[in-house]
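Each chain is listed here by its residues.
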There are 2 protein chains.
Amino acid sequence: MKNNHVTIKHLARELGISSSTVSRALKDHPNVSPETKKAVTDLAEKLNYLPNSIALSLRRSKSNTIGVIIPEIVHFFFSTVISGIEDIAYNAGYSVIVAQSNESYEREVMDTRALANHRVDGILISMSRETTDYEHFESIHRRGMPMVFFDRVCDTINCSKVIVDDFDGAFQVTRHLIQQGYKRIAYLAGPENLIISKQRMDGYCMALEQYNRAFDESLIVRGRAADSEETAKELTAKLLNSPNPPDAMFAINDRAALGAMKAAKEKGLKIPQDFAIAGFSNWEFTSMTDPAITTVDQPGFKMGQEAAKLLIREIEAEEDETIIPETRILKTDLIVRGSSLVNGHL
Amino acid sequence: MKNNHVTIKHLARELGISSSTVSRALKDHPNVSPETKKAVTDLAEKLNYLPNSIALSLRRSKSNTIGVIIPEIVHFFFSTVISGIEDIAYNAGYSVIVAQSNESYEREVMDTRALANHRVDGILISMSRETTDYEHFESIHRRGMPMVFFDRVCDTINCSKVIVDDFDGAFQVTRHLIQQGYKRIAYLAGPENLIISKQRMDGYCMALEQYNRAFDESLIVRGRAADSEETAKELTAKLLNSPNPPDAMFAINDRAALGAMKAAKEKGLKIPQDFAIAGFSNWEFTSMTDPAITTVDQPGFKMGQEAAKLLIREIEAEEDETIIPETRILKTDLIVRGSSLVNGHL
DNA sequence: CTGAAAGCGCTAACAA
DNA sequence: TTGTTAGCGCTTTCAG
């Protein structure tokens, strides 16, 4: 490719003036005569001058670029987050470099390094599933690189974070089912070591408590319930065939809900009349042909926006200003299918 | 933020040598003594030196960055494309800047300009729906900016393109239905002015012809059939209530297929026994609970890969080398639900 | 109002 | 084997 970039120098030479004057004219500096200004802008227009942001970045040691590291792009939640990030970044004059770790620690380390080399002004991160060592983040954080974690956050780094209120989401879902008149709400639990699992379970319990429902251990399926649609289906079927079956189900994720739905259908139960399903979900449900499922949507777009805002705030803070890291907890949106939005925060 | 970047100068000063020596040592230049080399790399390691790609970009007038402009990120097809782009880019040492036009012409123009300013080495584009004027692309293309269009391509610009073989996809779908034994295959057509609509219709006709089926105009629904799920449903219902109803349906997109499915279900038809549906789709179907629908998937990942490869090839071509623009037509993947992949090209 | 000069971080020719 | 110098494109003192 022939490198045909028009530079300030070209304009200067053409007009027989110095490049500093051109520079000033271009940015409408007061101390430059109207004639020169006009001549410069006209020529710039004519030759289609495009300022070189690379040079600017070097000069200012600021690239007006932010980096994003996510586990995968092809995922409704994450692509929604990127979209939110892009929204805020664009309006604040930043470009967005996207790197996907593919859930690989090694790749994440490389991505981090690459973004640091690129001198992005800050980094937004959702960690890979593999990541347990945080040195690659810590080393650049020590150097003062602004960073904000979202969704999959790193506890050991003292920076801003954006997460979802799993407790409240679970509470909302359960309350919704109770308010709809369901009596026996089963729960397909997630892995017990995950914080989100615990929080969701707590939200479920809290709703039961608040509505004076007894907690019934026989309605709780612990273990690998939500690992796959298959297991969820089997476990639900077992529950449905028990002597005192549930009339509703809290599903911890898409797989759990899909499995539960299939089990119910096979048993000939009408959804949601005989058996209601509600729970956490990502993309899958929004396109489901069966509108009978109420879901808590992760507010991905908002999460991206919030994370980007926090990051940019930190990037643009004055030298001496100290930004206190802040963890923002976003409410989920309860979406009732087959009717309008019940409790949307968007 | 305090700007704590270690530079070559720092290393040089610390070691009492010149920065050029440091530079050479860092890149393992032959003409530098082993001792110096070791001293330099050790110190670089210790101080966690990270090369400044911005400075490098300026020096080399090459940013090792490619820009992507897409209508929206939150879309299975497009996010898949990005993923494919990222895959190739990463392995070739390029970063990816993503800009979404949000289907807005104005925004697309701004994005193009921003990427040009950023001195990306090339741009990958899928045009916004609004775009009918191409000057923003042409002006940078004239300057020699490598660019490749994908999916929503621009005909007036002489550069490489990657598109999907709609004709073949439609042919495959129709043939599949015929081979499954369906006799009367209805067709909900797309807008007649779109090239893809025509090509898909041609593929449909070709399959009929090849299997000696008569083309029956009464099975074709022209017009706004695929505009919304609602209209698709109504139109399908009408067909199903006609004296000589179809036993299968070619759906031009997700909406058409969903509408058709609902109409069939309301009429109590079993899918796919009484009424089969097959057609083009994006994400929606892959998560459908009803496995009875055969779809042609747009090969998004591959499209991203191919587009990125074409772009990088052009970027890295020698000065004097002339790259002949090339339009790559990708085959679609016929995916039969409820069974394994029948004709996958991945 | 305008110009000359320095420097952001890095590399590569040229000198030593 | 190492150092000096110049320059990528731009802005910004400092001098005129």
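Numbers given to residues run from 1 along each chain, matching the order in which its sequence is written. Chain letters and ligand numbers both follow the written order, the letters beginning at A and the numbers at 1. Reporting in this predicted model follows two pLDDT cut-offs: at least 70 for local features of residues, and 80 or more for side-chain atom pairs to be given and counted; totals over whole chains, interfaces and linings ignore these cut-offs and use all residues. The basis for every side-chain value is the complete set of non-hydrogen atoms in the structure, without hydrogens or water.

Engineer: How do you make sense of the overall build of chain A when you look at a structure like this?
Structural biologist: In terms of helices and strands, chain A carries 13 helices and 12 strands. Atoms considered for the radius of gyration are the C-alpha atoms alone. The globule rule reads 2.2 Å times the number of residues to the power 0.38. In terms of overall size, chain A is more extended than a compact globule, its C-alpha atoms giving a radius of gyration of 27 Å where 346 residues would be expected to give roughly 20 Å. Here the C-alpha coordinates of chain A stretch approximately 95 × 40 × 40 Å along the principal axes. Only protein chains enter the area calculation, which uses a 1.4 Å probe; residues under 20% of their type maximum are buried, those over 50% are exposed, and those in between are partly exposed. Within the span of chain A, comprising 346 residues, buried residues form 53% of the whole. Taking contacts inside chain A between residues at least 6 apart in sequence as the whole, the part at least 24 apart equals 69%. Computed by Shrake-Rupley with a 1.4 Å probe, the accessible areas treat only the displayed protein chains as cover when residues are assessed. Summing over all exposed atoms, chain A offers an accessible surface of approximately 15700 Å²; the carbon and sulfur share of this is 50%. Positive and negative charge centroids in chain A, built from 40 and 47 side chains respectively, lie 3 Å apart. Each helix is a run of DSSP H or I of at least 4 residues and each strand a run of E of at least 2, with the numbering of both proceeding from the N terminus. It only takes one pair of heavy atoms within 4.5 Å for two residues to be counted as in contact. The charged-residue count follows a simple rule in which Lys and Arg add positive charge and Asp and Glu add negative charge, with His and chain termini not counted at all. The atoms used to mark charge sites are NZ of Lys, CZ of Arg, CG of Asp and CD of Glu.

Engineer: Looking at this model, I keep getting lost on the pairing of strand 4 (residues 147-150) of chain A. Mind explaining?
Structural biologist: Along a regular strand, successive side chains alternate from one face of the sheet to the other. Residue and element names in this part refer to chain A. The two faces of strand 4 match: Met147 and Phe149 on one face and Val148 and Phe150 on the other face are all buried. Pairing analysis gives 3 bridges linking strand 3 (residues 122-125) to strand 4, with the strands arranged parallel. Across the sheet, isoleucine 123 pairs through a bridge with methionine 147, a residue of strand 4. In the classification by handedness, the crossover that spans strand 3, the intervening helix 7 (residues 135-142) and the parallel strand 4 is right-handed. Whether two strands pair depends on DSSP finding at least two bridges between them. By definition, the crossover connecting two strands over a helix is right-handed if that path, from the first strand to the second, turns clockwise as seen with the strands pointing away from the viewer.

Engineer: Got a minute to help me understand the pattern of salt bridges in this structure?
Structural biologist: Where charged atoms from two side chains of opposite charge come close, those side chains can pair. One side-chain nitrogen of Lys or Arg within 4 Å of one carboxyl oxygen of Asp or Glu is enough to make a salt bridge. Under the counting rule described, the total for this entry stands at 38 salt bridges over all chains. The salt bridge involving arginine 107 of chain A is made with glutamate 86 of chain B; its shortest N-O contact spans 2.8 Å. Residue arginine 107 of chain A is located in helix 6 (residues 105-117), and its partner glutamate 86 of chain B is located in helix 5 (residues 76-91); the two belong to separate chains. Pair check on accessibility: arginine 107 of chain A and glutamate 86 of chain B agree, each one buried. With its nearest N and O atoms 3.8 Å apart, the salt bridge here joins glutamate 103 of chain B to arginine 129 of chain B. Here the residue glutamate 103 of chain B occupies a position in the loop between strand 2 (95-100) and helix 6 (105-117), and arginine 129 of chain B occupies one in the loop between strand 3 (122-125) and helix 7 (135-142), the gap between them amounting to 26 residues. Note on arginine 129 of chain B: relative accessible area 66%, which makes it exposed. One network of salt bridges, in which partners are shared, links Glu306, Lys309, Arg313, Glu326 and Arg328 of chain A.

Engineer: Please clarify how the domain arrangement of chain A should be interpreted in this entry.
Structural biologist: Source of the domain bounds: an automatic or database domain assignment. Looking at the assigned domains, one finds that chain A contains domain 1 (8-49), domain 2 (60-164 + 300-331) and domain 3 (166-297 + 334-344). Spacing between the C-alpha centres of domain 1 of chain A and domain 2 of chain A amounts to 38 Å.

Engineer: I keep staring at the protein's contact with DNA strand C and nothing clicks. Help me out?
Structural biologist: Whether a residue is near a molecule or strand depends on its heavy atoms: it is near if one of them lies within 4 Å of it. Thr21 and Arg24 of chain A together with Ile8, Ser23 and Tyr49 of chain B are the nearest of the 25 residues found near DNA strand C. Counted by atom, the contact set of DNA strand C within 4 Å of the protein is 67% sugar and phosphate. Polar contact is the term for a pair of N or O atoms within 3.5 Å; when the atoms are in protein, one must be able to donate a hydrogen and the other to accept it, and sequence-neighboring residues count only if both atoms are side-chain atoms. Within the contact set of DNA strand C, a base nitrogen lies 2.6 Å away from a side-chain nitrogen or oxygen of arginine 24 of chain A. Listed by contribution, the elements that provide at least two residues to the surface near DNA strand C are helix 2 (19-26) and helix 4 (53-60) of chain A together with helix 1 (8-15), helix 2 (19-26) and helix 4 (53-60) of chain B. In terms of residue count, the dominant contributor to the surface near DNA strand C is helix 4 of chain B (4 residues). Its residues assigned to classes, the surface near DNA strand C shows 8 nonpolar, 10 polar and 7 charged. Residue polarity is assigned by list, with Asp, Glu, Lys and Arg as charged and Ala, Val, Leu, Ile, Met, Phe, Trp, Tyr, Cys and Pro as nonpolar; anything else, Gly included, falls into the polar class.

Engineer: I tried to follow the interface of chain A and chain B on my own but got confused; where do I start?
Structural biologist: Often, the extent of an interface is quoted as the loss of accessible area upon association of its parts. Of the residues lining the interface, 60 residues belong to chain A; the matching set on chain B comes to 59 residues. In this assembly, chain A packs against chain B so that about 5500 Å² is buried in total across both faces, 54% of it on carbon and sulfur atoms. The interface formed by chain A and chain B contains 22 residue pairs in polar contact (both at pLDDT 80 or more). For the side of chain A that touches chain B, the secondary structure elements donating two or more residues are helix 4, helix 5 (76-92), strand 2 (95-100), helix 6, helix 7, helix 11 (254-266) and helix 12 (283-286) of chain A. When residues in the side of chain A that touches chain B are grouped by element, the largest group, 7 residues, is from helix 5 of chain A. Residue composition of the side of chain A that touches chain B, grouped by class: 27 nonpolar, 22 polar and 11 charged. Accessible surface is computed with a 1.4 Å probe, and the buried area is the amount of it that two parts give up when combined, taken over both parts together.

Engineer: Please clarify how the relation of the copies chain A and chain B should be interpreted in this entry.
Structural biologist: One copy of the chain maps onto the second through a rotation about an axis and a displacement along it. Alignment of copies: least-squares fit on C-alpha atoms of residues with pLDDT of at least 70 in both copies. Each copy of the sequence occupies a distinct position, and chain A is placed on chain B by a rotation of 180 degrees and an axial shift of 0.0 Å, giving an RMSD of 0.1 Å. Taken together, the rotation and translation relating the two chain copies correspond to the operation of a two-fold axis. For chain A, the residue whose C-alpha comes nearest the rotation axis is isoleucine 97 of chain A, separated from it by 2.2 Å. A share of 98% of interface residues in chain A that are also interface residues in chain B marks the association as one of identical surfaces.

Engineer: Is there a simple way to explain the side chain of glutamate 108 of chain A in this structure?
Structural biologist: Within the fold, glutamate 108 of chain A resides in helix 6. Aside from chain neighbours lying at most four places away, what touches glutamate 108 of chain A is Ile69, Ser101, Ser126, Met127, Ser128, Thr131, His136 and Phe137 of chain A.

Engineer: Just checking my understanding: could you explain the protein's contact with DNA strand D for this structure?
Structural biologist: Lining the immediate surroundings of DNA strand D are 25 residues, of which Ile8 and Tyr49 of chain A together with Ser20, Arg24 and Arg59 of chain B lie closest. Across the atoms of DNA strand D situated within 4 Å of the protein, the share located in sugar and phosphate is 65%. Take alanine 55 of chain A: an N or O atom from its main chain is 3.3 Å from a base nitrogen of DNA strand D. A distance of 2.8 Å separates a phosphate oxygen of DNA strand D from a polar atom in the side chain of threonine 36 of chain B. For the surface near DNA strand D, the elements supplying multiple residues, two or more each, are helix 1 (8-15), helix 2 and helix 4 of chain A together with helix 2 and helix 4 of chain B. Take the surface near DNA strand D: its biggest share by element is 4 residues, from helix 4 of chain A. Looking at side-chain class alone, the surface near DNA strand D contains 8 nonpolar, 10 polar and 7 charged residues.

Engineer: What's the story with helix 4 of chain A in this structure? I'm lost.
Structural biologist: Because each turn of an α-helix spans 3.6 residues, side chains separated by three or four positions in sequence point in the same direction. For helix 4 of chain A, the full list of buried residues reads Ser53, Ile54 and Ser57 of chain A. In a view along the axis of helix 4 of chain A, the buried residues occupy a sector of 105 degrees, so they form one face of it. Residues of helix 4 of chain A that are buried sit in contact with helix 4 and helix 6 of chain B. Two residues or fewer past helix 4 of chain A, serine 61 of chain A is found with a positive phi of approximately 40 degrees. By arc we mean the arc of the directions from the helix axis to the C-beta atoms, nothing more.

Engineer: So what exactly am I meant to see when it comes to the pairing of strand 3 of chain B here?
Structural biologist: Residues and elements named next belong to chain B. Of the two faces of strand 3, the one carrying Gly122 and Leu124 and the one carrying Ile123 and Ile125 are both buried. The pairing of strand 1 (residues 65-70) with strand 3 spans 4 bridges and is parallel. Considered in strand 3, the bridge of valine 68 is made with leucine 124.

Engineer: Looking at this structure, I do not really get unusual backbone geometry. What am I missing?
Structural biologist: Most peptide bonds are trans, and most residues other than glycine sit at a negative phi. Although it is not a glycine, arginine 119 of chain B sits at a positive phi angle of roughly 55 degrees. Taking relative accessible area as the criterion, arginine 119 of chain B reaches 10% and is therefore assigned buried.

Engineer: Please explain the nonpolar core as it appears in this structure.
Structural biologist: Most often, soluble globular proteins keep nonpolar side chains buried together rather than apart. In this description, a nonpolar core means a group of buried Ala, Val, Leu, Ile, Met, Phe, Trp, Tyr and Cys residues linked to one another through side-chain atoms lying within 4.5 Å. Ranked by size, the top nonpolar core spans 54 residues in total, and within it Leu124 and Phe150 of chain A together with Leu124 and Phe150 of chain B carry the most contacts. The contact partners of leucine 124 of chain B, leaving out residues within four places of it in the chain, are Ile66, Gly67, Val68, Ile69, Ile85, Val148, Phe150, Ala307, Ala308 and Leu311 of chain B.

Engineer: Whenever I open this one, the environment of histidine 141 of chain B confuses me. Can you help?
Structural biologist: Residues and elements named next belong to chain B. Its location among the elements puts histidine 141 in helix 7. Accessibility expressed as a relative area gives 23% for histidine 141, which makes it partly exposed. Contact partners of histidine 141, with chain neighbours within four places excluded, come to Met147, Ile157, Asn158 and Cys159.

Engineer: I keep staring at the packing of aromatic side chains and nothing clicks. Help me out?
Structural biologist: For any two aromatic rings, the description comes down to two numbers: the centre-to-centre distance and the angle of the planes. Pairing of aromatic side chains here covers Phe, Tyr and the six-membered ring of Trp, requires ring centres within 6.5 Å, and sorts the geometry by plane angle: under 30 degrees stacked, over 60 edge-to-face, intermediate tilted. Overall, the coordinates contain 12 aromatic pairs over all chains when judged by the stated rule. Relative to phenylalanine 280 of chain A, the ring of phenylalanine 250 of chain A lies with its centre 6.2 Å away and its plane at 45 degrees, an arrangement referred to as tilted. Taken together, the residues span a long stretch of sequence, with phenylalanine 250 of chain A in strand 8 (residues 248-251) and phenylalanine 280 of chain A in strand 9 (residues 276-281) at a distance of 30 residues. A single burial state applies to phenylalanine 250 of chain A and to phenylalanine 280 of chain A, both of which are buried. Taken together, a centroid distance of 6.2 Å and an interplanar angle of 80 degrees make the contact between tyrosine 204 of chain B and phenylalanine 250 of chain B edge-to-face.

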